[in-house]
Amino acid sequence: MKRIGILTSGGDAPGMNAAVRAVVRVAIFNGLKVSGIRRGYQGLIEGDIFDMDVSSVGDIIHRGGTILQSARCLEFKTEEGLQKGLDMLKLFNIDGLVVCGGDGSYNGAFKLWQNGFPTIGIPGTIDNDLGYTDYTIGFDTAINTVVNAIGNLRDTSSSHGRANIVEVMGRHCGDIALHAGLAGGAETIIIPEVDFDIDEVCRKLLQGKNRGKLHNIILVAEGVGKPYDIADAIKDKIDMDTRVSIIGHLQRGGIPTAFDRIIASRFGNRAVELLMEGKGGRAVGIDGNDIIDVSLEDAVKPNDRLNKKMYELAQMLSI
Ligand code: ADP
Ligand code: F6P
């Protein structure tokens, strides 16, 4: 292992830069050379590859986004695209690759590995939807962004006595809604993993109103869909005034929290260690406070990662 490549792929996530920084610096510290690949698999296919040194990653640990940029590259899903990627890795004398991204990016990384190329995955997605790791890079920053938004919405919700329906990201996963809802004291959390009953939501709103509660935050994970339908149903059933806020890509940016920077740095370190140990086809993660690695194949398996206890706690605390 003389030269490793690093790319960031899929939806960007605050903290990806800290992972890139760690990969580059740990590799150089250990005498390896590093190639940066811009725009994920798209840049790999196009040979958008450059040498990185210690200074390339200076002054980035605190920045959101990714200095390597990211992309969703359909061509890489094809046999021809994959072959182009493998050819470029050979052309640029890259011996091992680190891919920071979500489950889609991991699928691409797994295919490279199946074709004999040592590849390691670092979980970088705000969604926290990878079952093998307790946390993915960017999730903590995203939930803090949502908690701040809930704080602002709670003020105006109280002033007007409205029900504020707030849609958060997470693709098919309810973790952002659940964690931010618990931390922000949301009255109701609606996630794709649990069926919801609009009558129950309305009953709870009325109970709160009747005991003098002024604010009502209903957090809906995007995987559930239809926040406007929920708002309309509340208006129809109990004639409560509603407003919908879709937080959207605000959740994808911003200064990464210390937690995200720390796990990103630890993941980056372990990813380089694995390559130096001659391993490939692995994904790093965190279990409790331990850095772990599992096969990329296992990492992308469908999972039931809902923390039921946490969900029940959030319900209990919002009565
Ligand atoms: P994320 O990594 O955040 O889940 P995507 O699902 O968009 O984001 O995946 C990122 C990129 O990974 C895709 O644009 C594509 O280039 C690559 N990718 C996704 N799925 C596959 C697959 N089955 N085979 C090869 N590459 C894939
Ligand atoms: O995977 C991260 C994520 O932000 C999801 O939560 C969301 O569904 C999706 O990416 C949005 O993708 P895009 O940035 O391409 O609109």
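Residue positions are counted from 1 within each chain, in the order its sequence is given. Here chains are named by letter from A upward and ligands by number from 1 upward, in the order in which they appear as written. The model is predicted, so local features are restricted to residues of pLDDT at least 70 and side-chain atom pairs to those at 80 or more, both for listing and for counting; the totals for chains, interfaces and linings are taken over all residues. Note that the side-chain values use all heavy atoms of the structure and ignore hydrogens as well as water.

Chemist: Help me understand the sheet that holds strand β5 (residues 119-123) in this model?
Modeler: In a beta sheet, neighbouring strands are held together by backbone hydrogen bonds and run either parallel or antiparallel to one another. Strand pairing follows a simple DSSP-based rule, namely that at least 2 bridges must link the two strands. Strands are runs of DSSP state E lasting at least 2 residues, helices are runs of H or I lasting at least 4, and numbering of each runs from the N terminus. Ordered by their spatial adjacency, 7 strands build an open sheet running β3-β2-β1-β4-β5-β10-β11, and the pairing between neighbours is mixed. Both edges of this open sheet fall to β3 (49-52) and β11 (290-295), since each of them pairs with a single strand only. Direction aside, the axes of adjacent strands within the sheet are offset by 30 degrees on average. As judged from the 4 bridges shared by strand β1 (residues 3-8) and strand β2 (residues 33-37), these two strands associate in the parallel manner. Residue pairing in the sheet places I4 in a bridge with V34 of β2. Whether two residues are in contact is decided by their heavy atoms: any pair within 4.5 Å suffices. Every angle, taken between N-to-C directions, lies between 0 and 180 degrees, and every axis is a line fitted to C-alpha atoms, over only the stretch in contact when it is a helix. Sitting on the sheet, helix α9 (residues 258-276) touches β1, β4 (96-101), β5, β10 (282-287) and β11, and the angle it makes with β10 is about 140 degrees.

Chemist: Hey, could you run me through the pattern of salt bridges in this one?
Modeler: A side chain of one charge can pair with a side chain of the opposite charge when the charged atoms of the two come close. By convention in these notes, a salt bridge is any Lys or Arg side-chain nitrogen within 4 Å of a carboxyl oxygen on Asp or Glu. Within this structure, the stated rule accounts for 20 salt bridges. Its salt-bridge partner being R270, residue E277 comes within 3.1 Å of it at the nearest N-O pair. Taking the shortest distance from any N to any O, the salt bridge between K279 and E277 comes out at 2.9 Å. The buried label goes to any residue with under 20% of its type's maximum accessible area, the exposed label to any with over 50%, and the partly exposed label to all in between, with areas taken from a 1.4 Å probe on protein chains only. Judged by its relative accessible area of 37%, K279 is partly exposed. Several salt bridges converge on common partners, so that one network encompasses R270, E273, E277, K279, R282 and D293.

Chemist: I keep staring at the site of ligand 1 and nothing clicks. Help me out?
Modeler: Throughout this document, a residue counts as near a molecule or strand when at least one of its heavy atoms sits within 4 Å of that molecule or strand. As a structural note, the neighbourhood of ligand 1 is formed by 16 residues, with R72, C73, D103, S105 and K111 the closest of them. Interatomic distance of 3.4 Å between a backbone N/O atom of G11 and an oxygen atom of ligand 1. Polar contact is the term for a pair of N or O atoms within 3.5 Å; when the atoms are in protein, one must be able to donate a hydrogen and the other to accept it, and sequence-neighboring residues count only if both atoms are side-chain atoms. One of the side-chain N or O atoms of D103 is found 3.0 Å from an oxygen atom in ligand 1. Relative to its unbound accessible surface of 550 Å², ligand 1 loses 87% to contact with the protein. For ligand 1, the cavity whose grid points lie within 2 Å of the majority of its atoms is the largest pocket. Where accessible areas are quoted, they stem from the Shrake-Rupley method and a 1.4 Å probe; at the residue level, only the protein chains shown are allowed to cover. Within this scheme a cavity is a closed region of a 1 Å grid, computed over the protein atoms alone, that accommodates a 1.4 Å probe without allowing it to escape, whereas a pocket is open but has protein on both sides within 12 Å along at least five of seven lines; lining residues each have an atom within 4 Å of a point. Just a note on the criterion: a molecule sits in a pocket or cavity if more than half of its atoms are within 2 Å of the grid points.

Chemist: For this particular structure, what's the right way to read the packing of helix α7 (residues 198-210) against helix α8 (residues 227-238)?
Modeler: The angle between the axes and the distance between the axes are what describe a pair of packed helices. It is the contact of α7 with α8, at a shortest axis distance of 10 Å, that shows an interaxial angle of 60 degrees. Here α7 lies oblique to α8, going by the angle between them. In the packing of α7 onto α8, the handedness of the crossing is right-handed. Here I198, D199, V201, C202, L205 and L206 of α7 come into contact with α8, specifically with I230, A233, I234, K237 and I238. For this classification, Asp, Glu, Lys and Arg are treated as charged, while Ala, Val, Leu, Ile, Met, Phe, Trp, Tyr, Cys and Pro are nonpolar and the rest, including Gly, are polar. Partitioned by chemical class, the residues of the contact of α7 with α8 number 9 nonpolar, no polar and 2 charged. Orientation categories follow fixed angle ranges, with anything under 35 degrees roughly parallel, anything over 145 roughly antiparallel, 65 to 115 roughly perpendicular, and all other angles oblique. Should the near helix be turned counterclockwise from the far one by less than a right angle, the crossing is left-handed, whereas a clockwise turn marks it as right-handed.

Chemist: Just checking my understanding: could you explain the domain arrangement of the chain for this structure?
Modeler: Accessible area lost upon the coming together of the parts serves often as the stated size of an interface. Under the domain assignment used here, the chain contains domain 1 (3-138 + 256-299) and domain 2 (140-253). At the junction of the two partners, domain 1 supplies 15 residues and domain 2 supplies 13 residues. Surface buried jointly by domain 1 and domain 2 totals about 1200 Å² across both partners, of which 49% is contributed by carbon and sulfur atoms. Taken together, the links from domain 1 to domain 2 amount to 1 salt bridge. One salt bridge connects R252 with D12, and the closest N-O pair in it is separated by 2.7 Å. The tally of links between domain 1 and domain 2 comes to 9 residue pairs in polar contact (both at pLDDT 80 or more). Taken together, the residues of the side of domain 1 that touches domain 2 break down into 5 nonpolar, 4 polar and 6 charged. Domain start and end points were adopted from an automatic or database domain assignment. A simple way to read buried area is as the amount of 1.4 Å-probe accessible surface that goes missing from two parts once joined, with both sides added.

Chemist: Help me out: how do you make sense of a positive patch on the surface in this one?
Modeler: Grouping into patches uses exposed residues only, defined as over 30% relative accessible area, and leaves out salt-bridged ones; the cut-off is 9 Å for like charges and 5 Å for nonpolar side chains (Val, Leu, Ile, Met, Phe, Trp, Tyr). Charge counting treats Lys and Arg as positive and Asp and Glu as negative, with His and both chain ends excluded. The atoms used to mark charge sites are NZ of Lys, CZ of Arg, CG of Asp and CD of Glu. Together, R72, K77, K111 and R171 make up a positively charged patch on the protein surface. By relative accessible area, which is 38% here, R171 ends up partly exposed.

Chemist: Would you take a moment to explain the environment of G181 for this structure?
Modeler: Relative to the helices and strands, G181 is located in helix α6 (residues 175-184). Remark: the alpha-carbon pair of G181 and T136, spanning 45 residues in sequence, is separated by 18 Å. Not counting the four nearest positions on each side in its chain, G181 is found in contact with I176, A186, I189 and L219.

Chemist: Just to check I follow, could you spell out the packing of helix α5 (residues 139-160) against α6 for this structure?
Modeler: Contact geometry of α5 with α6 gives a least axis separation of 9 Å together with a crossing angle of 50 degrees. As judged from the angle between their axes, α5 and α6 are oblique. With respect to the hand of their crossing, α5 and α6 are arranged in right-handed fashion. Contact residues: F139, I143, V146, V147, I150 and R154 in α5; D175, I176, H179, A180, A183 and G184 in α6. Partitioned by chemical class, the residues of the contact of α5 with α6 number 8 nonpolar, 2 polar and 2 charged.

Chemist: Just checking my understanding: could you explain α9 for this structure?
Modeler: In an α-helix, one turn spans 3.6 residues, which is why side chains three or four residues apart end up on the same side. An expected span of 1.5 Å times one less than the residue number is assigned to each helix. Between the first and last C-alpha of α9 there are 27 Å, a value that for 19 residues agrees with the 27 Å anticipated at 1.5 Å per step. Following α9 by one or two positions, G278 has its phi on the positive side, about 80 degrees.

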